[in-house]
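# Geometric and topological summary
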Amino acid sequence: MMTSIITGDIIKSRKAFNEDLWLTPLKLALSKLTTDASFYDIYRGDSFQLECSDIKDSFRTTVYIKAFLKSIKGLDVRMSIGIGTKDYHGDSVSESNGEAFIFSGETFETLKKEKQNLKLKTSNEVINKEINLYFRLALIAMDNWTVNSAEVVKLTLEHPQMIQVELAKLIGISQDAVSKRQKRAYLDEILELDTLYREKIAQL
């Protein structure tokens with residue numbers, strides 16, 4: 001059985017004065033992605049692991065987590081995606097294992113050194129090389145999201161059917177402001193990358 005495992009941690013969490021600043025939103029973001037608490041774990045306070053059983057959803061899931069956390073001033077996150085087999089199903093993510101877990105864990109260990117905040121590993125080196133280049137380019141935008149840009153990305157992903165006018169009402173700003181924030185976040189390009197990612201991952 002193929003699955004995807006996202007491993008992540010809060011960037012510079014040690015500098016945060018109050019752990020609740022990021023722990024509460026992190027828990028909320030993960031609980032919005034799955035109603036089954038056995039699919040995610042938060043450990044060491046600032047690290048987490050999430051199983052995304054539909055492998056094609058894994059990039060969109062990381063975008064949502066990043067947008068959720070960056071919509072709070074001073075927060076950011078680094079994540080690795082591992083896609084592969086799940087050989088043992090434990091009571092929680094941290095008790096399960098398999099290729100996807102190993103890929104995600106190994107890749108996560110390289111992020112800090114490579115100064116890259118999102119990376120993929122699968123058994124297909126060609127796909128890894130191509131997607132990780134796209135990720136590096138996408139991160140030029142994503143790592144620089146403002147609180148406002150991140151909030152618009154988060155709400156757009158939460159309400160994919162909503163048009164800009166409806167999103168504007170939700171935030172309490174004009175439709176023009178929503179449009180500008182989406183543009184500044186390079187949201188169209190990120191959603192195009194999501195479509196491409198799904199096509200590539202379907203080949204695995």
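## A few points about the pairing of strand S1 (residues 2-10)
Counting buried positions along S1 yields eight of nine residues, so the element is predominantly enclosed. Pairing analysis gives nine bridges linking S1 to strand S4 (residues 77-85), with the strands arranged antiparallel. Each bridged residue has a counterpart across the sheet, and for methionine 2 the counterpart in S4 is threonine 85. One ladder, built from six bridges, connects S1 with strand S3 (residues 47-52); its direction is antiparallel. Bridged to threonine 7 within S3 is glutamine 49.

## Notes on the packing of aromatic side chains
To describe a pair of aromatic rings, one takes the distance between the centres and the angle between the planes. Throughout the structure, instances matching the rule amount to four aromatic pairs. Ring geometry for phenylalanine 59 versus tyrosine 197: centroids 5.6 Å apart, planes at 45 degrees, classification tilted. Remark: tyrosine 197 occurs in helix H8 (residues 187-201) and phenylalanine 59 occurs in helix H2 (residues 58-70); sequence separation between them is 138 residues. Judged by relative accessible area, phenylalanine 59 falls into the buried class, the value being 0%. Tyrosine 197 sits in the buried class, given a relative accessible area of 0%. Seen from their ring centres, phenylalanine 135 and tyrosine 197 are 6.0 Å apart, and the 25 degrees between their planes marks the pair as stacked. Here phenylalanine 135 is found in helix H4 (residues 125-142), whereas its partner tyrosine 197 is found in helix H8, with 62 residues between them in sequence. A network of ring pairs unites the aromatic residues Phe59, Phe135 and Tyr197 as a single cluster.

Cut-offs and rules
- Residues numbered from 1 in each chain as written.
- Predicted model: local features only at pLDDT ≥ 70, side-chain atom pairs only at ≥ 80, totals over all residues.
- Heavy atoms only, no water.
- Buried < 20%, exposed > 50% of the residue type's maximum accessible area, 1.4 Å probe, protein only.
- Helix = DSSP H or I, 4+ residues; strand = E, 2+ residues; numbered from the N terminus.
- Pairing = 2+ DSSP bridges.
- Phe/Tyr/Trp six-rings, centres within 6.5 Å; stacked < 30°, edge-to-face > 60°.

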